[in-house]
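# Per-entry structural report
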Amino acid sequence: MRPSGRSLTDATDPTDLPVPPLALLPAFLLFEAATGVLGAAYNRLVIGLPDLCDHVTRVGPVARAAAIGAVMGLLLGVDPEPAGGGDRLSGRLLGGDIPLIPVLAGYLVVRFLAGPLSYAARTPGGLFAPLPAVGALWGVLVHALAQPLLPGGAADAVPFAIVGMAALVASVVRAPSPASSSSSR
């Protein structure tokens, strides 16, 4: 739970959302720029992995899909949290249930690669639905790593999760990011 004792997912009124101090605006702008780079990398993976897989002619498409599915299944056997659309994981992060930094980084890598890998195998795996969870993981991880450098310590990671969700989705679909305006209201 968040320090206030309420989960962000319990908020029904948008004014109940945590409002970070205005002093964090430069940090959020830098964070959004870095998230744009992450979104561009995700798009390159989505385009590049199928091309790379198509160049591997010794392995047929069924065997390739089976191998990618086996890798994903093995990862899910270790920890099911990085699977699926990410609703549960996003809810946990927005509720303030933040894993340790190595776990956050591991989840981020797995979720970042899972959609493009499934797409490369020509199997359904979801490219868009998992993005908010990837953005939330990215935001919470950046907050955890940058917290000592942030003004006032910026104790709440939830605003970074929210901005990460909005900025990553916006960068992947190449839309203007609404995160800056929502983070500085």
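## Topic: the overall build of the protein chain
- Helix and strand counts for the protein chain stand at 7 helices and 0 strands.
- Starting at the N terminus and walking to the C terminus, you meet the elements of the protein chain as α-α-α-α-α-α-α.
- Each of the 185 residues in the protein chain was classed as buried or not, and the buried ones make up 41%.
- By element, 69% of the accessible surface of the protein chain is carried by carbon and sulfur atoms, the whole surface being about 9700 Å².

## So, the confidence of the model for the protein chain
- Taken over all residues, the pLDDT of the protein chain has a mean of 80, while the share at 70 or more is 83%.
- When the elements of the protein chain are averaged for pLDDT, helix α7 (residues 179–183) gives the smallest value, 48, and helix α5 (residues 131–146) the largest, 92.
- Taken as a whole, residues 1–9 scores under 50 in pLDDT and shows 22 contacts with residues more than four places along the chain or in a different chain.
- In the predicted structure, residues 180–185 sits below a pLDDT of 50 and forms 11 contacts with residues beyond four places in sequence or in another chain.

## Observations regarding the nonpolar core
- Phe31, Leu93 and Leu137 are the most contacted members of the largest nonpolar core, which has 33 residues in total.
- For this core, the secondary structure elements donating two or more residues are α1 (25–55), α3 (87–94), α4 (101–120), α5 and α6 (158–172).
- If you tally residues by element for this core, the top one is α5, at 9 residues.
- When sequence neighbours within four positions are dropped, the list of residues in contact with Leu137 reads Leu89, Leu93, Leu104, Tyr107, Leu108 and Arg111.

## A short note on the side chain of Thr35
- By the secondary structure assignment, Thr35 is in helix α1.
- Among all residues touching Thr35, those that are not within four sequence positions of it are Trp138, Gly164, Ala167, Leu168 and Ser171.

## Quick notes on the packing of α3 against α6
- Here α3 crosses α6 at 145 degrees, and the two axes come no closer than 9 Å. Residues Ser90, Leu93 and Leu94 of α3 form the contact with α6, whose own contacting residues are Val158, Ala161, Ile162 and Met165.
- In terms of residue class, the contact of α3 with α6 is built from 6 nonpolar, 1 polar and no charged.

## Focus: the pattern of salt bridges
- The final tally for this structure, using the stated rule, is 1 salt bridge.
- Across the pair Asp97 and Arg92 runs a salt bridge whose closest N-O atoms are separated by 2.9 Å.
- Judged by its relative accessible area of 38%, Asp97 is partly exposed.
- Judged by its relative accessible area of 23%, Arg92 falls in the partly exposed class.

## Regarding the packing of aromatic side chains
- One pass over the structure, following the stated rule, counts 4 aromatic pairs.
- Taking 6.2 Å as the distance between ring centres and 20 degrees as the angle between the ring planes, the aromatic pair formed by Phe31 and Trp138 counts as stacked. One end of the pair, Phe31, is in helix α1; the other, Trp138, is in helix α5, with 107 residues separating them in the sequence. This pair shows no difference in class: Phe31 is buried, exactly as Trp138 is.
- Ring centres of Tyr42 and Phe112 lie 5.5 Å apart, and the angle between their planes is 70 degrees; on these two criteria the pair is classed as edge-to-face.

Conventions and cut-offs
Residues numbered from 1 in each chain as written. Predicted model: local features only at pLDDT ≥ 70, side-chain atom pairs only at ≥ 80, totals over all residues. Heavy atoms only, no water. Helix = DSSP H or I, 4+ residues; strand = E, 2+ residues; numbered from the N terminus. Buried < 20%, exposed > 50% of the residue type's maximum accessible area, 1.4 Å probe, protein only. Areas by Shrake-Rupley, 256 points an atom, 1.4 Å probe, with all protein chains shown as cover. pLDDT = per-residue confidence, 0-100. Contact = heavy atoms within 4.5 Å. Core = buried A, V, L, I, M, F, W, Y, C linked by side-chain atoms within 4.5 Å. Axes fitted to C-alpha atoms, helices over the stretch in contact; angles between N-to-C directions. Nonpolar A, V, L, I, M, F, W, Y, C, P; charged D, E, K, R; others polar. Salt bridge = Lys/Arg side-chain N within 4 Å of Asp/Glu carboxyl O. Phe/Tyr/Trp six-rings, centres within 6.5 Å; stacked < 30°, edge-to-face > 60°.

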